[in-house]
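Chain and residue survey
One-letter residues, chain by chain:
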Amino acid sequence: MHKIEDSAGHVVANDTQNSVASVDQAVVSLANLCASIVEVSTASNLPIATAQSALAHASAGLSNLVASRENMAAATREIIRVQKASTLSIVNFGCPNGLPQPSGMKSDQAVGRSETA
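The paragraphs below set out a description of the structure included in this document. Because the structure is predicted, anything quoted here is derived from the model rather than measured.

1. Notes on the environment of L55
Looking at the secondary structure, you find L55 in helix α2 (residues 52-84). As a C-alpha pair, L55 and L33 span 22 residues in sequence and 8.4 Å in three-dimensional space. Excluding anything up to four places from it in sequence, L55 contacts C34, I37 and V38.

Structure follows, in structure tokens:
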């Protein structure tokens, strides 16, 4: 069992929550930028190719952020796995019941633990 101080657990939990919120805000901002590029191009009667490069780059950034969000979800699952194997296993740091589980998956499977652990 890993011995982790309560205060350290709070720091990791806060940093995790702030990181997820930042990635989510970035996703929203880039999605808005993509929409704005299309709306301004349409309202300005620009030929379709004129803003295509800007839209393509912004949408590529959006795709990368969505992938980053998936990586944050995986990192959060790993953090929860470490927490459950530590002295903090019964402490709730603000993610009630951990992360929502995909349908058909047991809670222990989602964090990489066997039922005998």
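On we go from here.
2. Notes on helix α1 (residues 6-43)
The terminal C-alpha atoms of α1, which comprises 38 residues, lie 55 Å apart, in line with the 56 Å expected from a rise of 1.5 Å per residue. Residues of α1 that are buried make contact with α2.

3. Describing the nonpolar core
Counting residues in hydrophobic clusters, the biggest one holds 9 residues: V23, V27, L30, C34, I37, A51, A58, L62 and L65. Of all the secondary-structure elements, those providing two or more residues to this core are α1 and α2. Among all residues touching A51, those that are not within four sequence positions of it are I37 and S41.

The rules behind these values
- Residues numbered from 1 in each chain as written.
- Predicted model: local features only at pLDDT ≥ 70, side-chain atom pairs only at ≥ 80, totals over all residues.
- Heavy atoms only, no water.
- Helix = DSSP H or I, 4+ residues; strand = E, 2+ residues; numbered from the N terminus.
- Contact = heavy atoms within 4.5 Å.
- Expected span 1.5 Å × (residues − 1).
- Core = buried A, V, L, I, M, F, W, Y, C linked by side-chain atoms within 4.5 Å.
- Buried < 20%, exposed > 50% of the residue type's maximum accessible area, 1.4 Å probe, protein only.

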